[in-house]
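Here is what each chain is made of, one letter per residue.
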Amino acid sequence: MERTQYKKSSKTQDRILDVAEDLFSKQGFDATTTRQITAAAGVRTASVNYYFKTKRDLMIAVIDRRFDILRREREAMLANVDTHSGDQPTQIKAIVEAFVLPLAKLTKTDPVGWSNYNRIIAQLALNKELPHDTYAEKINKTAEKFIVGLKATSPNKSLNDVIEAYQFLLGAVLFAFTESDRFTQALNGNSQLAQAASNPKPLVNFISAGLVELFDPGQ
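Computed from a predicted structure; not experimentally measured.

The rules we used
- Residues numbered from 1 in each chain as written.
- Predicted model: local features only at pLDDT ≥ 70, side-chain atom pairs only at ≥ 80, totals over all residues.
- Heavy atoms only, no water.
- Helix = DSSP H or I, 4+ residues; strand = E, 2+ residues; numbered from the N terminus.
- Buried < 20%, exposed > 50% of the residue type's maximum accessible area, 1.4 Å probe, protein only.
- Contact = heavy atoms within 4.5 Å.
- Areas by Shrake-Rupley, 256 points an atom, 1.4 Å probe, with all protein chains shown as cover.
- Axes fitted to C-alpha atoms, helices over the stretch in contact; angles between N-to-C directions.
- Parallel < 35°, antiparallel > 145°, perpendicular 65-115°, else oblique.
- Nonpolar A, V, L, I, M, F, W, Y, C, P; charged D, E, K, R; others polar.
- Core = buried A, V, L, I, M, F, W, Y, C linked by side-chain atoms within 4.5 Å.
- Salt bridge = Lys/Arg side-chain N within 4 Å of Asp/Glu carboxyl O.
- Expected span 1.5 Å × (residues − 1).
- Arc of directions from axis to C-beta.
- Polar contact = N/O pair within 3.5 Å; in protein donor to acceptor, adjacent residues only side chain to side chain.

Enquirer: Any chance you could explain the overall build of the chain here in plain terms?
Expert: Counting its regular elements, the chain contains 10 helices and 0 strands. Starting at the N terminus and walking to the C terminus, you meet the elements of the chain as α-α-α-α-α-α-α-α-α-α. When the 219 residues of the chain are sorted by exposure, 41% land in the buried category. Taking the intrachain contacts of the chain between residues at least 6 apart in sequence as the baseline, contacts between residues at least 24 apart amount to 71%. As displayed, the chain offers around 12400 Å² of accessible surface, 54% of which is attributable to carbon and sulfur atoms.

Quick look at the structure:
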């Protein structure tokens, strides 16, 4: 009996997370109410408070369940990049691959969910609403590892230049892996999300070439 109740609770929690992720991505965090979430999930209004305490805690849970998976895969690839040998373009491309390829692989397994996740991250970043405190530190730690890696490939560049380069990397990837109908017709019926997930090589090459040019000592 206890095991059955636990499974039901887990399913309810997952349903709330799925619905919240969808609504946050479409409407934004502020415009989405807990009543809308619980109504769409088919649960009682008090369920959000029961499982997540506050709407902000629910937002963190929505982000966290995907971020942790992506963070582990990205950091595992990044750890294998040797920034102390080889030429700079090869090093930079390997770092970009560590950032892009895990997301491409995951997106193929759940295109809608990962597109929603990326849209939420982009919205929060643009509105400067990303969760603060310990969660912000968690996000920043992964970002710092990629910034450190990029800096090692181009020691002549200032830290501000490298942070700017990382922001370009992040922005390009968020756009490429967010579902949009804007370029669907131009892509023969495929969205840029489908293109990026099925064949991330052009995106990797594009970003890598841009960063190499940006880090050119002559610039």
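Read on for the rest.
Enquirer: What exactly am I supposed to notice about the packing of helix α5 (residues 88-109) against helix α6 (residues 111-126) here?
Expert: Packed helices, taken two at a time, are described by the angle their axes make and the gap between the axes. The interhelical angle for the contact between α5 and α6, taken along N-to-C directions, is 130°, at an axis separation of 5 Å. With respect to their mutual orientation, α5 and α6 come out oblique. Judged by residue contacts, Leu103, Leu106, Thr107, Lys108 and Thr109 of α5 engage Pro111, Trp114 and Asn118 from α6. Looking at side-chain class alone, the contact of α5 with α6 contains 4 nonpolar, 3 polar and 1 charged residues.

Enquirer: It is not clear to me how the nonpolar core should be interpreted in this structure. Could you clarify?
Expert: In globular proteins that are soluble, nonpolar side chains generally tend to be buried together. Phe24, Leu58 and Phe177 are the most contacted members of the largest nonpolar core, which has 55 residues in total. Leave out the neighbours within four places in its chain, and Phe177 touches Val100, Leu103, Ala104, Thr107, Trp114, Ser115, Asn118, Leu193, Ala196, Ala197 and Leu203.

Enquirer: Even after reading the chapter, I still don't get unusual backbone geometry, so can you show me in this structure?
Expert: Phi is mostly negative for residues that are not glycine, and the peptide bonds are mostly trans. The phi dihedral of Lys53 falls on the positive side, at around 70°, and the residue is not glycine. In this fold, Lys53 is placed in the loop between α3 (46-52) and α4 (55-78). Residue classification places Lys53 among the exposed positions, given a relative accessible area of 65%.

Enquirer: Even after reading the chapter, I still don't get the pattern of salt bridges, so can you show me in this structure?
Expert: Note that side chains of opposite charge can pair when their charged atoms are close. In this structure the tally under the stated criterion is 9 salt bridges. In this structure, Glu21 and Arg66 form a salt bridge, with 2.6 Å as the shortest nitrogen-oxygen distance. Taken together, the residues Glu21 in helix α1 (residues 2-27) and Arg66 in helix α4 connect sequence positions 45 residues apart. Of the two residues, Glu21 and Arg66, both sit in the buried class. In this structure, Glu73 engages Lys105 in a salt bridge whose closest nitrogen and oxygen atoms are separated by 2.8 Å. On the criterion of sequence distance, the pair formed by Glu73 in helix α4 and Lys105 in helix α5 is long-range, its members being 32 residues apart.

Enquirer: Just to check I follow, could you spell out helix α8 (residues 159-176) for this structure?
Expert: For an α-helix the count is 3.6 residues per turn, leaving residues at separations of three or four pointing the same way. The end-to-end C-alpha separation of α8 is 26 Å, in line with the 26 Å expected for 18 residues at 1.5 Å each. Inspection of α8 places Val162, Ala165, Tyr166, Leu169, Val173, Leu174 and Ala176 among the buried residues, and these make up the whole buried set. Within α8, the buried residues cover an arc of 170° as seen down the axis, which keeps them to one side.

Enquirer: Teacher, can you tell me more about helix α2 (residues 34-41) here?
Expert: Listing the buried residues of α2 in full gives Ile37, Thr38 and Ala41. An end-on view of α2 places all buried positions within 90° of arc, on one side of the element. Away from its buried face, by an angle of more than 90 degrees, α2 presents the exposed residues Arg35, Ala39 and Ala40. Within two residues after α2, Gly42 carries a phi angle of roughly 70°, on the positive side.

Enquirer: When you look at the environment of Arg65 in this model, what are you seeing that I'm missing?
Expert: As for its position among the elements, Arg65 is in helix α4. A sequence separation of 48 residues divides Arg65 from Leu17, and the C-alpha atoms of the two residues are 9.2 Å apart. Discounting residues that sit within four places of it in the chain, Arg65 has contacts with Asp14, Leu17, Asp18 and Glu21. A distance of 2.7 Å separates a polar atom in the side chain of Arg65 from a polar atom in the side chain of Asp18.

Enquirer: Help me out: how do you make sense of the side chain of Ser25 in this one?
Expert: Here Ser25 lies in helix α1. Among all residues touching Ser25, those that are not within four sequence positions of it are Asn116, Arg119, Ile120 and Gln123.

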